Amino acid sequence: MDELKNKTCIPCSEGSAPMPENDIRKLLERLPEWEVSTDDGISRLQRTFSFRDFKSAIAFTNKVGELAEVEQHHPKLVTEWGKVTVVWWTHSVKGLHRNDFIMAAKTSALKTE
């Protein structure tokens with residue numbers, strides 16, 4: 001995971017193909033607790049983080065938002081009492097790109113700070 005979290009997102013062009021399943025499986029092995037989900041036929045990386053209260057969940061949501069702005073790659077964030085679900089995918093490729101794995105690794109690192 002360290003290698004991924006130290007990388008920076010690269011711009012993707014509209015119409016590029018999503019990652020092949022084999023590449024997704026290899027990178028997913030490096031991201032404990034993340035899983036691939038599908039919504040409207042689009043593969044996405046998803047993880048739910050647990051917190052002791054709503055205030056902690058909001059603080060984490062804000063950290064992820066700040067990270068997203070820096071990298072110019074934005075997730076779906078669902079904040080609830082005691083948990084935050086983070087979902088990464090690349091809109092322009094209509095699926096998963098290496099950037100999503102980079103951002104998942106960076107998101108996991110935020111939880112350990």
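Heads up: the structure comes first, above all this text.
Residues numbered from 1 in each chain as written. Predicted model: local features only at pLDDT ≥ 70, side-chain atom pairs only at ≥ 80, totals over all residues. Heavy atoms only, no water.

J.: Could you clarify how one ought to interpret unusual backbone geometry in this entry?
T.: Residues other than glycine predominantly adopt negative phi, and peptide bonds predominantly adopt the trans conformation. Unusually for a residue other than glycine, D40 sits at a positive phi of about 55°. Within the fold, D40 resides in the loop between β1 (35-39) and β2 (42-50). Residue classification places D40 among the exposed positions, given a relative accessible area of 73%. Phi angles above zero are rare outside glycine, and Q72 is one such case at about 55°. Mapped onto the fold, Q72 is located in the loop between α3 (54-71) and β3 (76-80). (Helix = DSSP H or I, 4+ residues; strand = E, 2+ residues; numbered from the N terminus. Buried < 20%, exposed > 50% of the residue type's maximum accessible area, 1.4 Å probe, protein only.)

J.: I would appreciate a short explanation of the side chain of N99 in the present structure.
T.: With respect to the helices and strands, the residue N99 is situated in helix α4 (residues 98-112). If we skip the residues at most four places from it in the chain, N99 touches C9, I10, C12 and H73. (Contact = heavy atoms within 4.5 Å.)

J.: Please explain the nonpolar core as it appears in this structure.
T.: It is characteristic of soluble globular proteins that their nonpolar side chains tend to be buried jointly. The biggest cluster of nonpolar side chains holds 28 residues, and the ones touching the most others in it are L31, W34, L45, F60, W88 and F101. Within the residue set of this core, elements represented by two or more residues are α2 (21-28), β2, α3, β4 (83-88) and α4. Take this core: its biggest share by element is six residues, from α4. W34 has contacts with L28, L45, Q46, R47, F49, V86, W88, A104, T107 and S108, leaving out every residue within four places of it along the chain. (Core = buried A, V, L, I, M, F, W, Y, C linked by side-chain atoms within 4.5 Å.)

J.: What is the right way to read the pairing of β4 from this model?
T.: Most of β4 sits inside the fold, with five of its six residues counted as buried. Pairing of β2 with β4 involves six bridges; the strand directions are antiparallel. Looking at β4, one finds that Q46 is bridged to V87. Here β3 runs beside β4; their pairing, made up of five bridges, is antiparallel. Within the sheet, the bridge partner assigned to T79 lies in β4 and is V84. (Pairing = 2+ DSSP bridges.)

J.: What exactly am I supposed to notice about the pattern of salt bridges here?
T.: Counted under the stated rule, the structure contains four salt bridges. Measuring nitrogen to oxygen at the nearest pair gives 4.0 Å for the salt bridge that ties R52 to D53. With a relative accessible area of 24%, D53 lands in the partly exposed category. Measuring nitrogen to oxygen at the nearest pair gives 3.9 Å for the salt bridge that ties E80 to K83. Owing to a relative accessible area of 34%, K83 belongs among the partly exposed residues under this scheme. (Salt bridge = Lys/Arg side-chain N within 4 Å of Asp/Glu carboxyl O.)

J.: So what exactly am I meant to see when it comes to α3 here?
T.: Turn by turn, an α-helix covers 3.6 residues, leaving residues three or four places apart pointing in a common direction. Between its first and last C-alpha, α3 extends 26 Å over 18 residues, near the 26 Å set by a 1.5 Å rise per residue. Along α3, the positions that sit buried rather than exposed are S56, A57, F60, T61, V64, L67, A68 and E71. Projection of α3 onto a plane perpendicular to its axis shows the buried side chains occupying an angular sector of 140°, all on one side. For α3, exposure combined with an orientation more than 90 degrees from the buried face picks out K55, E66 and V70. On the buried face of α3, the contacting elements are β2, β3, β4 and α4. The N-capping residue of α3, defined by a side-chain oxygen 3.4 Å from the backbone nitrogen of K55, is D53. Q72 sits one or two residues past α3 and shows a positive phi near 55°. (Expected span 1.5 Å × (residues − 1). Arc of directions from axis to C-beta. Polar contact = N/O pair within 3.5 Å; in protein donor to acceptor, adjacent residues only side chain to side chain.)

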